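# Report on the structure
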Amino acid sequence: VQELRNGTVKTTNGTDFDCIAEHAMEKQFKKILIVTDGYGDMNVNNVHKLAQQGVDVFTTFVPENCKDGDEKDNRNILKKISKQWWRLKEEDKAA
């Protein structure tokens, strides 16, 4: 958590949103927070199942690792799977 507060982000550039969704449903979570650079996707069936189970998905988007032109596509993925999402900006990082 401290690394997130400091803006330190370690990534493998590939979020597996499906395993997150399946774990959340299996554990019957009501809310989940995903921190991601947006690279990845979620199967439409999992999107619907999360909604049916009433799981609220929140995401924090860390675009630092996005290649030119990818950020817009990645934001669209997050809009599809999230109730609400935020974009971490340089000025949001702790001093």
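Residues numbered from 1 in each chain as written. Predicted model: local features only at pLDDT ≥ 70, side-chain atom pairs only at ≥ 80, totals over all residues. Heavy atoms only, no water.

This part is about helix H3 (residues 44–52). Inspection of H3 places Asn46, Val47 and Leu50 among the buried residues, and these make up the whole buried set. Projected down its long axis, H3 carries its buried residues within an arc of 105°, all on one side. Turned more than 90 degrees from where H3 packs its buried face, Ala51 and Gln52 sit exposed. Backbone nitrogen of Asn45 and a side-chain oxygen of the N-cap are separated by 2.6 Å at the start of H3; the cap is Asn43. Directly beyond the C-terminal end of H3, a positive phi value near 75° is found at Gly54. (Buried < 20%, exposed > 50% of the residue type's maximum accessible area, 1.4 Å probe, protein only. Helix = DSSP H or I, 4+ residues; strand = E, 2+ residues; numbered from the N terminus. Arc of directions from axis to C-beta. Polar contact = N/O pair within 3.5 Å; in protein donor to acceptor, adjacent residues only side chain to side chain.)

Moving on to the packing of helix H2 (residues 17–26) against H3. Taken N-terminus to C-terminus, the directions of H2 and H3 make an angle of 30°; their axes are 10 Å apart at the nearest point. Overall, the two elements H2 and H3 adopt an arrangement that is roughly parallel. Helix-helix and strand crossings are classified by hand; for H2 and H3 the assignment is left-handed. The residues of H3 that touch H2, namely those facing Asp18, Ala21, Glu22 and Met25, are Asn46, Lys49 and Leu50. (Axes fitted to C-alpha atoms, helices over the stretch in contact; angles between N-to-C directions. Parallel < 35°, antiparallel > 145°, perpendicular 65-115°, else oblique. Left-handed = near helix turned anticlockwise from the far one by under 90°. Contact = heavy atoms within 4.5 Å.)

Before going further, it helps to examine the nonpolar core. Of all hydrophobic cores here, the largest spans 15 residues; its most connected members are Phe17, Ile32, Met42, Leu50 and Val57. Among the elements of the structure, H2, strand S1 (31–36), H3, strand S2 (56–61) and helix H4 (70–81) are those that each provide at least two residues to this core. Ignoring any residue separated from it by four or fewer positions in sequence, one finds Ile32 in contact with Ile20, Ala24, Val55, Asp56, Val57 and Phe58. (Core = buried A, V, L, I, M, F, W, Y, C linked by side-chain atoms within 4.5 Å.)

For H2, the full list of buried residues reads Phe17, Ala21, Ala24 and Met25. In an axial view of H2, the angular spread of the buried residues amounts to 95°, which keeps them on one side of the axis. The N-cap of H2, judged by a side-chain oxygen 3.2 Å from the amide nitrogen of Asp18 a few residues on, is Asp16. Gln28 sits one or two positions beyond H2 and adopts a positive phi of about 60°.

Geometric descriptors of this kind do not, in isolation, establish any biological role.
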